[in-house]
Amino acid sequence: MIKHYIPNTSQALPAFQPNDKLRDPALYHPQPELVDAVNVALTLGLPLLLTGEPGSGKTELAKHLAWHFKLGDLLRLDVQSTSTSNDLFYRYDALGHFQYNQNSPHALSKEELEKRFIRYVALGEAIKSDARRVVLIDEIDKAPRDFPNDVLAALEELTFYVPEIDTRFTAKSANQPLVVLTSNSEKNLPDAFLRRVAYHHISFPGPERLLAIVSAKVAGYSKEQLEPLIDHFLEIRSSDYNLKKIPATAELIQWAYFLQSAGFDPAQLEQSQKSAEVQGILHSSYAVLAKTKEDLAALRKQAK
């Protein structure tokens, strides 16, 4: 068992050793149906709307596309319930500007004001960059009702105005950004919006695909070693456990990485009577999979 933290002892904080493969866009392998949806969006110049349970790889697809087409860093907007159309393009630090005006006799030029108090984001950065970029608008279902239609209007016009510096930015039609929108289906999106996007639902992978995903992301286990771990994870997702928050692919990868780091042999999952040591490692590892007190208790009960 990993012992990075031992209470009542004097310890130096251990060096963090991240799993570099976890977020590697080169290791993202979309299902054929998702590839087809991407090609439809590219051919028609439409935004691609993705749904699927949290942790199913919606965000990772956008990162993968930016890497695959060599279009620079992903431009991302995390949508909030208070998001407005301006948030698609830029952020203006009104308070900072006000404080500057209160404390300085020097009036800022447009260039100075822009440099100090305006930050371009998402579509704004894509339009200003004068090149094709990938833009992720994450969890658009959290936005106010009119926001999705504002996104479509912005993509059709590829222009925005910054009144604080009295400047309009416009992109060439050839620099149409590739836009990926994600939704966790928390609420229905407007019909007018849905008619003007390409759509795909990322369904949960089957055992063989899960095996391929985890073996690519977690070094140290062979596919044969991972099979009982995948089986146990699918059992956890089943109705037998009755979890409130069902873990997804992202949690599976983290869980497998933790177990591999702890030197755990997945074959031990197949034992009808598990040793106290095995139960202890599983109890600890379930902190990755469970997201509520009740789910954690259910998982630990089953481990016995």
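Residues numbered from 1 in each chain as written. Predicted model: local features only at pLDDT ≥ 70, side-chain atom pairs only at ≥ 80, totals over all residues. Heavy atoms only, no water.

K.L.:
Could you give me a rundown of the sheet that holds strand E1 (residues 48–51), with the residues and numbers involved?
P.N.:
Backbone-to-backbone hydrogen bonds pair the strands of a sheet. The strands run either parallel or antiparallel. One open sheet holds the 5 strands; their spatial order is E2-E5-E8-E1-E9, and the pairing between them is parallel. Here the strands that pair on one side only, and so sit at the sheet edges, are strand E2 (75–78) and strand E9 (198–201). Here the strands of the sheet are splayed against their neighbours by 20° on average, with no regard to which way each runs. Sitting on the sheet, helix H1 (residues 32–44) touches E1, strand E8 (178–183) and E9, and the angle it makes with E9 is about 170°. (Pairing = 2+ DSSP bridges. Helix = DSSP H or I, 4+ residues; strand = E, 2+ residues; numbered from the N terminus. Axes fitted to C-alpha atoms, helices over the stretch in contact; angles between N-to-C directions. Contact = heavy atoms within 4.5 Å.)

K.L.:
Account for the pattern of salt bridges, with residues named and values stated.
P.N.:
Counted by the stated rule, this structure contains 9 salt bridges. Of the charged contacts, one joins Arg-76 and Asp-138 as a salt bridge, the two residues approaching to 3.0 Å between their closest N and O atoms. Of this pair, Arg-76 sits in strand E2 while Asp-138 sits in strand E5 (residues 134–138), and the two are 62 residues apart along the sequence. For Arg-76, a relative accessible area of 37% puts it in the partly exposed group. Residues Arg-91 and Asp-87 are paired through a salt bridge, measuring 3.6 Å at the closest nitrogen-oxygen approach. (Salt bridge = Lys/Arg side-chain N within 4 Å of Asp/Glu carboxyl O. Buried < 20%, exposed > 50% of the residue type's maximum accessible area, 1.4 Å probe, protein only.)

K.L.:
Please set out the packing of aromatic side chains residue by residue, giving values where relevant.
P.N.:
Under the criterion given, the structure shown has 9 aromatic pairs. Here the aromatic rings of Phe-89 and Phe-160 are separated by 4.8 Å at their centres, their planes lie at 5°, and the arrangement is stacked. Taken together, the positions of Phe-89 in the loop between E2 and strand E3 (90–92) and Phe-160 in strand E6 (residues 159–162) put the pair 71 residues apart, joining distant regions of the chain. The class for Phe-89 is buried, based on a relative accessible area of 8%. (Phe/Tyr/Trp six-rings, centres within 6.5 Å; stacked < 30°, edge-to-face > 60°.)

K.L.:
Residue-level account of the pairing of E9, with values.
P.N.:
Residues Ala-198 and His-200 point to one face of E9 and are all buried, whereas Tyr-199 and His-201, pointing to the other face, are not buried. Here 4 bridges tie E1 to E9, and the two strands are oriented parallel to one another. When the sheet's bridge partners are listed, Leu-50 is paired in E9 with His-200.

K.L.:
Hey, could you go over the nonpolar core for me, with residue numbers and the actual values?
P.N.:
Within the largest apolar cluster, 38 residues are counted, with the highest numbers of intra-cluster contacts made by Leu-88, Ile-137, Ile-140, Phe-147 and Leu-181. Listed by contribution, the elements that provide at least two residues to this core are E2, helix H4 (110–117), strand E4 (118–120), helix H5 (122–128), E5, helix H6 (147–157), E6 and E8. When residues in this core are grouped by element, the largest group, 5 residues, is from H6. With near-sequence residues (within four places) excluded, Phe-147 lies in contact with Leu-77, Val-79, Ser-83, Thr-84, Ser-85, Leu-88, Ile-137 and Ile-140. (Core = buried A, V, L, I, M, F, W, Y, C linked by side-chain atoms within 4.5 Å.)

K.L.:
Can you lay out the environment of Asn-101 for me, pointing to particular residues and giving the numbers?
P.N.:
Note on placement: Asn-101 falls in helix H3 (residues 94–103). Here the alpha-carbon distance between Asn-101 and Lys-115, two residues 14 residues apart in the chain, equals 15 Å.

K.L.:
Report on the packing of H3 against H4, specifying residues and quantitative values.
P.N.:
Between H3 and H4, the shortest axis-to-axis distance is 10 Å and the interhelical angle comes to 125°. In terms of orientation, H3 lies oblique with respect to H4. Pair H3 / H4 crosses with right-handed handedness. The residues of H4 that touch H3, namely those facing Gly-96, His-97 and Tyr-100, are Leu-113, Arg-116 and Phe-117. In the contact of H3 with H4, the residues fall into 3 nonpolar, 2 polar and 1 charged. (Parallel < 35°, antiparallel > 145°, perpendicular 65-115°, else oblique. Left-handed = near helix turned anticlockwise from the far one by under 90°. Nonpolar A, V, L, I, M, F, W, Y, C, P; charged D, E, K, R; others polar.)

K.L.:
Before we move on, can you summarise the packing of helix H8 (residues 207–217) against helix H10 (residues 249–261) with the specific residues and values?
P.N.:
Look at H8 against H10: their axes get within 10 Å of each other, and the N-to-C directions meet at 50°. Taken together, the axes of H8 and H10 are oblique relative to one another. The hand of the H8/H10 crossing is right-handed. Of the residues in H10, those touching H8 at Leu-210, Ile-213, Val-214 and Lys-217 are Thr-249, Leu-252, Ile-253 and Ala-256. When its residues are assigned to classes, the contact of H8 with H10 shows 6 nonpolar, 1 polar and 1 charged.

K.L.:
Go over a negative patch on the surface, please, and point to the residues and values.
P.N.:
Where like charges cluster on the molecular surface, the negative patch consists of Glu-224, Glu-227, Asp-231, Glu-235, Asp-240 and Glu-270. Inspection of the secondary structure puts Asp-240 in the loop between helix H9 (223–237) and H10. The class of Asp-240 is exposed, set by a relative accessible area of 64%. (Patch = residues over 30% accessible without salt bridge, like charges linked within 9 Å, V, L, I, M, F, W, Y side chains within 5 Å. Areas by Shrake-Rupley, 256 points an atom, 1.4 Å probe, with all protein chains shown as cover. Lys, Arg positive; Asp, Glu negative; His and termini not counted. Charge placed at Lys NZ, Arg CZ, Asp CG, Glu CD.)

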